[in-house]
Amino acid sequence: MSRYDSRSGDPTSYGDRRGDSGFGGSMGFSGSVRSSLSRNNYEGAESPRKLDLDGLTPFEKNFYVESSSVTAMSDREVDEYRQRREITIEGRDIPKPVTSFRDVGFPDYVMLEITRAGFVEPTAIQAQGWPMALKGRDLIGIAETGSGKTLAYLLPAIVHVNAQPILAPGDGPIVLVLAPTRELAVQIQNEATKFGASSKIKNTCIYGGVPKGPQVRDLQKGVEIVIATPGRLMDMLESHHTNLRRVTYLVLDEADRMLDMGFEPQIRKLVSQIRPDRQTLYWSATLPKEVEQLARQFLYNPYKVIIGSPDLKANHAIRQHVDIVSEHQKYNKLVKLLEDIMDGSRILIFMDTKKGCDQITRQLRMDGWPALSIHGDKSQAERDWSSQSLKLARVL
Ligand code: ADP
Ligand code: MG
């Protein structure tokens, strides 16, 4: 058990919700940010608790200094830039985006790697995400796959690590990145190695399905950045090969997938072992409502940045007609539609329920339509038969 667990007597207390007051004054929050912390920031969550930071050494997490050219941007220029790059933002005291790498104020060793990689300008998520992350605030970042989210959190992580006291023997990581799969964890590690190398930051990757020995040895040597899948990391913690007491920068990458894959209980357990005044960054390609509510339980007064449309996009190549009809008119309407459009091509009909699916199929077949159905209660053989028939457009 970590000292955080034993202090609260409730293993999930810190992770679930952080309080609305008591944030240490030396932690880089400006007065206006602190005074804006209110219960409104906690929609959809349990009642906020007071932070218990007794005995925790304060740490620095605000490293952002706005460059003069960013300061010089007018509100209109900022709006235009955000519009052009499809950046939507939410939150209080949102910093202006940076339009070039130079403006971020990354240290030379990071700039060197950026030049070496041949990057020309920040991607949209980086342009807005870097100043947000460097301010030490929590963040929800949503942008499609391939948009550069990894460096959006890794470069500020490197700055964060370099400002912390060096690891003492027995210390766990300072930065923890949670990812859903081994493949993704390894990709993240490659970027961390590339961009962290010149500042001598060590990292390791912790994932299941391989022997623990080498991973345990890395952890025991002491690494500043750990990239892990939740299951194997829990394992390592339970067998005391590492601990999360030094973690002050937590990243949940592809968080939607982690939640989809059922990692929520492990994430809760892991987060409960991390100090409550940590910085938490949540990244994903999509943000369904239910997932956002869950995500906000791990975050404190977060910024939100979305690249592209915040809504699901409709495919413009598909014409959509919406007919609103009452329940008893539906079947006749359907048959009428089928008569109008049926030219031997294949037609897909989606139903609300499995029962409805079976009913309509039966009724259509009785009326002479070559219908077949597919749903979760059908055997695999039946499902294969239906989808095969549809693919081959076989008349049955
Ligand atoms: P995501 O996590 O959003 O799916 P990645 O972080 O994996 O995307 O980035 C995709 C690729 O883009 C990587 O190869 C990365 O090195 C590269 N990349 C990141 N930032 C930039 C940039 N500013 N300019 C050009 N390429 C970049
Ligand atoms: Mg990614």
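Residues numbered from 1 in each chain as written. Chains lettered and ligands numbered in written order. Predicted model: local features only at pLDDT ≥ 70, side-chain atom pairs only at ≥ 80, totals over all residues. Heavy atoms only, no water.

In the nomenclature of an unreviewed UniProt entry, the protein corresponds to RNA helicase from the organism Carya illinoinensis. Quoted verbatim from the Sequence similarities (unreviewed entry) field of UniProt, the annotation for the protein is "Belongs to the DEAD box helicase family." (UniProt positions renumbered as here; feature names shortened; annotations may be inferred.)

Novice: Would you take a moment to explain the site of ligand 1 for this structure?
Specialist: Of all residues adjacent to ligand 1, which total 15 residues, the nearest are E121, Q126, G146, K149 and T150. E121 has a polar backbone atom sitting 3.0 Å from a nitrogen atom of ligand 1. Residue E191 places a side-chain N or O atom 3.1 Å away from an oxygen atom belonging to ligand 1. Considering every element that reaches the shell around ligand 1, the biggest residue donor is helix α8 (residues 149-162), with three residues. Looking at the shell around ligand 1 residue by residue, the classes come out as four nonpolar, seven polar and four charged. (Near = heavy atom within 4 Å. Polar contact = N/O pair within 3.5 Å; in protein donor to acceptor, adjacent residues only side chain to side chain. Helix = DSSP H or I, 4+ residues; strand = E, 2+ residues; numbered from the N terminus. Nonpolar A, V, L, I, M, F, W, Y, C, P; charged D, E, K, R; others polar.)

Novice: In this structure, what is going on with the sheet that holds strand β4 (residues 203-206)? I would like to understand it.
Specialist: Spatial strand order, β1-β8-β2-β7-β6-β3-β5-β4: eight strands in an open sheet with mixed pairing. Looking at which strands have only one partner, the edges of the open sheet turn out to be β1 (87-90) and β4. Each strand of the sheet is rotated relative to its neighbour by a mean of 15°, with strand direction disregarded. One ladder, built from four bridges, connects β4 with strand β5 (residues 225-228); its direction is parallel. Its bridge partner lying in β5, T204 is registered against V226. Its contacts with the sheet place helix α9 (residues 182-196) against β3 (175-178), β4 and β5, and it is angled at close to 180° to β4. (Pairing = 2+ DSSP bridges. Axes fitted to C-alpha atoms, helices over the stretch in contact; angles between N-to-C directions. Contact = heavy atoms within 4.5 Å.)

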